[in-house]
Amino acid sequence: MPHILIAGKLHPAGLALLEAAQSVSFTHVEEISEASYQPHLAQADALVIRTQPMGAASVAKASKLQIVSRHGVGYDAVDLAALNARKIPLCIVGDVNSVSVAEHSMMMILACAKQVVRSDAAVRTGPWGWRNKLEQGEISGKRLLIIGYGRIGRHLAEMAAGFGMQIAAYDPYLAKNGWPAGNVTSVADLAAGLAQADFVSVHIPKADGPILGPAEIAVMKRGAIIINTARGGIVDEAALASALRSGQIAAAGLDVFETEPPPSDHPLLAFDQVILTPHTAGLTREAAERMAIASVQNVLDHFMGSLDPALIVNKDALI
């Protein structure tokens, strides 16, 4: 009977799925740290993991491990090379939280344009007369550049279109391999797209460096707004803080940070035109339930020989 280790708090729907399965046993460790689940790795045939790191040392402790299932779609904290060396598949969930993230991005676009933090403060602590500064703006007719036009980007485009925004997207991969049908314009040159945008929303995986660094922010319209619900480090946080101080960027919405949680002296915490959320864009009640079920189902499917290959991120290394 395969034994499954659950590392991190899991929605009850995922645990119910495990309890209903007659062919497996499981251990659940709710604490979110690598050290908390390491003592249980030697007995684990499978691991369902949330946001904790899984380094090479943890992989080495898991002598029986056959599969790792991420409770989400990102896997930056997992040592993929260590899994590949042992030909252990790493799988992710499918399209379970793209709508949640897109809604969060749309909320941030509106909150930044409407200066929600300052508006709230004007009522709670004053001055009420802040309203006469006319700092709030509209999004109808404004230009939105979506960087990364996958599922989240496309959902956001549909939502933004409902608000009358003019939408373009930058995605070199799709531009080369086939642009999705619809009215969203493909931007070939990032700098040119940034120069035209009133709002920029980022939806790409993390790479070696930021896609919005000092040079990219410098070519943007003065008074533009930046949203990042993708990964910390995709937007250069020091450059963004500098641009906010100078007024080059009017406002920003960040759900992700290079260091999470950000330190108490992080420069972006000082700006009341910045909306900050604790990496919760994909953590709605509904998405958490879907992710729990999907991440557990991936493990059960693996042991039944029916795991969808499209959900295995390192399938090429398993050959």
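The structure this text deals with has already been given above.
Worth saying up front: this structure is predicted, and the values here are computed from it rather than measured.

J.: Mind laying out the packing of helix α5 (residues 98-113) against helix α7 (residues 151-162), listing which residues take part and the relevant values?
T.: A packed helix pair is summarised by two numbers, namely the angle formed by the two axes and the spacing between the axes. Relative orientation of the contacting elements α5 and α7 amounts to 50°, with a least axis distance of 8 Å. Here α5 is positioned oblique relative to α7, judged by the angle of their axes. Judged by the sense of rotation from one axis to the other, the crossing of α5 with α7 is right-handed. In this structure, α5 contributes S98, V99, V101, A102, E103, S105, M106 and I109 to the contact, and α7 contributes R151, I152, H155, L156, M159 and A160. For the contact of α5 with α7, the residue count by class is nine nonpolar, three polar and two charged.

J.: Talk me through the packing of aromatic side chains; I want residue IDs and the actual numbers.
T.: Across all of its chains, the model carries one aromatic pair by this definition. Summarising the aromatic geometry, the rings of Y149 and W179 are spaced 5.3 Å apart at their centres and angled 15° between planes, so their arrangement reads as stacked. Of the two residues, Y149 is situated in the loop between β6 (143-147) and α7 and W179 in the loop between α8 (172-177) and β8 (185-186); the sequence distance between them amounts to 30 residues. What makes W179 partly exposed here is its relative accessible area of 25%. In this structure, R154 packs its charged tip against the face of Y149, placed 5.8 Å from the ring centre.

J.: Could you give me a rundown of the sheet that holds strand β3 (residues 46-49), with the residues and numbers involved?
T.: The pairing of strands in a sheet comes from backbone hydrogen bonds and takes either a parallel or an antiparallel form. Taking strand neighbours across the sheet as the criterion, the five strands line up as β2-β1-β3-β4-β5 in an open arrangement whose pairing is parallel. Of all the strands in the sheet, just β2 (25-29) and β5 (90-91) have a single pairing partner and so form its edges. Bridge analysis of strand β4 (residues 67-70) against β5 gives two bridges, and the strand direction is parallel. What sits directly across from S69, in β5, is C91. Relative to β2, helix α1 (residues 12-20) is tilted by about 155°, and along the sheet it contacts β1 (3-7) and β2. Along the sheet, helix α12 (residues 285-304) makes contact with β1, β3, β4 and β5, crossing β4 at roughly 155°.

Rules used throughout
Residues numbered from 1 in each chain as written. Predicted model: local features only at pLDDT ≥ 70, side-chain atom pairs only at ≥ 80, totals over all residues. Heavy atoms only, no water. Axes fitted to C-alpha atoms, helices over the stretch in contact; angles between N-to-C directions. Helix = DSSP H or I, 4+ residues; strand = E, 2+ residues; numbered from the N terminus. Parallel < 35°, antiparallel > 145°, perpendicular 65-115°, else oblique. Left-handed = near helix turned anticlockwise from the far one by under 90°. Contact = heavy atoms within 4.5 Å. Nonpolar A, V, L, I, M, F, W, Y, C, P; charged D, E, K, R; others polar. Phe/Tyr/Trp six-rings, centres within 6.5 Å; stacked < 30°, edge-to-face > 60°. Buried < 20%, exposed > 50% of the residue type's maximum accessible area, 1.4 Å probe, protein only. Lys NZ or Arg CZ within 6 Å of the ring centre and 35° of its normal. Pairing = 2+ DSSP bridges.

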